Amino acid sequence: MSVRHRRPLLVATVLAGAGLALTACGPDNTDPAAGPAPSASSTVAAKPTAGGAATAGAPTTGTGSRPATHAPSGGSTKSGSGSAAGGPCDVQHLSIHVSARSGAPSQRVIEVQNTGGSSCSLSSSPGVDLGNATARDRSKNIKPILASGTTRFTVAAGQKAYAVIDLDPSGATTGTAPGIDELNVLADDEGTNMPLSSTQNFPLGAGAKVLEPKMSIYRGTVAEAVTSMTAAPN
């Protein structure tokens, strides 16, 4: 809604016998441009699932009680598909779930749903890192290698965006990072619309094997996200 501000009408009164003229200032229209674009952030659809690895068909929901100390994102260039339509997604209109991909125990599917009434856009991939849930120093959390590209990803009202991360693409059983039991997700990691406090934390369960993880860009289906993830550089 436009707001019209009026400057006070300044009136110089006619001084007795001096014949001074009246002076005044009229209204000044300072209407701002209509409505800012919505800000982006993320919420979870339900309370967190207690420990244990995620299983196919039973997505876990993250907690948001611990603010991130840095933006979780990968070290390589990201990519996306489609041009952004609408503004960045709003924190109140996102639902995030993480589940194990059926038949691929080292892979997790990150599902972000736009629960709002209009299209919005996300960064080309979520901001993700992996760490220990009880660690105070999170600056050494492991970040996945990302698929390339930079285009923001549009999510229509009611639709979902998917990203897939492989925690251990080589299938190694030795040399993996110790103590990694949590996946941290920021739905839009570009840092201008979504605060780091909107990072959600998803349990991986004790004994999760993590070594040089790789992650896809956002895609419209899990299959497309898997293809993107496998194309990420080694």
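Our subject is the structure that appears above.
Keep in mind that this is a model prediction, so the values were computed, not measured. (Residues numbered from 1 in each chain as written. Predicted model: local features only at pLDDT ≥ 70, side-chain atom pairs only at ≥ 80, totals over all residues. Heavy atoms only, no water.)

Student: Quick one: what's the story with the packing of aromatic side chains, residue by residue and with numbers?
Tutor: In the structure shown here, the tally under the stated rule is one aromatic pair. Ring geometry for Phe-153 versus Tyr-218: centroids 6.2 Å apart, planes at 40°, classification tilted. Here Tyr-218 lies in the loop between strand 10 (214-215) and helix 1 (222-230) and Phe-153 lies in strand 6 (residues 153-155), a separation of 65 residues in the sequence. The class of Phe-153 is buried, set by a relative accessible area of 8%. (Phe/Tyr/Trp six-rings, centres within 6.5 Å; stacked < 30°, edge-to-face > 60°. Helix = DSSP H or I, 4+ residues; strand = E, 2+ residues; numbered from the N terminus. Buried < 20%, exposed > 50% of the residue type's maximum accessible area, 1.4 Å probe, protein only.)

Student: Would you mind going over the side chain of Asn-201 in detail, with residue names and values included?
Tutor: Looking at where Asn-201 falls in the secondary structure, it is placed in strand 9 (residues 200-203). Among the polar contacts listed, one links the side chain of Asn-201 to the side chain of Asn-184, at a separation of 2.8 Å. (Polar contact = N/O pair within 3.5 Å; in protein donor to acceptor, adjacent residues only side chain to side chain.)

Student: Give me the nonpolar core: which residues, what numbers.
Tutor: Grouped together as the largest cluster of nonpolar side chains are 30 residues, with contacts concentrated most on Ile-110, Leu-122 and Leu-183. Looking at this core, the elements with two or more residues in it are strand 1 (94-101), strand 2 (104-114), strand 3 (120-122), strand 4 (127-131), strand 6, strand 7 (160-166) and strand 8 (182-186). Discounting residues that sit within four places of it in the chain, Leu-183 has contacts with Val-98, Arg-108, Ile-110, Val-128, Asp-129, Leu-130, Ile-165, Gln-200, Asn-201, Phe-202 and Leu-204. If you look at the next biggest cluster of nonpolar residues, it comprises six residues, including Val-109, Tyr-162, Ala-225 and Met-229. (Core = buried A, V, L, I, M, F, W, Y, C linked by side-chain atoms within 4.5 Å. Contact = heavy atoms within 4.5 Å.)

Student: Requested: an account of helix 1, with residues and values cited.
Tutor: Every α-helix winds through 3.6 residues per turn, so residues three or four apart in the chain are directed the same way. Taken together, the buried positions of helix 1 are Ala-225, Val-226, Ser-228 and Met-229. Along the axis of helix 1, the buried positions cluster into a sector of 160°, meaning they face one direction only. With respect to the buried face of helix 1, the exposed residues turned more than 90 degrees away are Ala-223 and Thr-227. Elements that come into contact with the buried residues of helix 1 comprise strand 1, strand 2, strand 7 and strand 10. (Arc of directions from axis to C-beta.)

Student: Explain the sheet that holds strand 5 (residues 145-146) to me, and be specific about the residues and the numbers.
Tutor: Read from one edge to the other, the open sheet built from five strands follows the order 1-2-7-10-5, with strand pairing classed as mixed. Two strands lie at the open edges of the sheet, namely strand 1 and strand 5, each paired on one side alone. As judged from the seven bridges shared by strand 2 and strand 7, these two strands associate in the antiparallel manner. Bridge pairing in strand 7 places Val-109 opposite Val-164. Contacts between helix 1 and the sheet are confined to strand 1, strand 2, strand 7 and strand 10, with strand 7 contributing the most and set at about 40° to the helix. (Pairing = 2+ DSSP bridges. Axes fitted to C-alpha atoms, helices over the stretch in contact; angles between N-to-C directions.)

Student: I'd love a proper account of the pattern of salt bridges, names of residues and values included.
Tutor: The final tally for this structure, using the stated rule, is four salt bridges. Put simply, Arg-138 and Glu-182 hold a salt bridge, and the shortest N to O gap is 2.9 Å. Highlighted residues: Arg-138 in the loop between strand 4 and strand 5 and Glu-182 in strand 8, separated in sequence by 44 residues. With a relative accessible area of 7%, Arg-138 lands in the buried category. (Salt bridge = Lys/Arg side-chain N within 4 Å of Asp/Glu carboxyl O.)

Student: Tell me what's going on with the pairing of strand 7, and back it up with residues and numbers.
Tutor: Of all seven residues making up strand 7, six are buried, and the element is well covered by its neighbours. Relative to strand 10, strand 7 is paired through two bridges, and the arrangement is antiparallel. From the neighbouring strand, Asp-166 faces strand 10, where its bridge partner is Lys-214.

Student: Give a description of the sheet that holds strand 8 that names residues and reports values.
Tutor: On the basis of which strands lie adjacent, the open sheet formed by three strands has the order 4-8-9 and antiparallel pairing. Unpaired on one side and paired on the other, strand 4 and strand 9 mark the two borders of the sheet. With strand direction ignored, the average angle separating the axes of adjacent strands in the sheet is 25°. Note that strand 4 and strand 8 share five bridges and pair antiparallel. The residue of strand 8 that forms the bridge with Gly-127 is Leu-186.

Student: Could you give an account of unusual backbone geometry, with specific residues and numbers?
Tutor: Of note in this structure, Glu-212 is not a glycine but carries a positive phi near 45°. Within the secondary structure, Glu-212 sits in the loop between strand 9 and strand 10.

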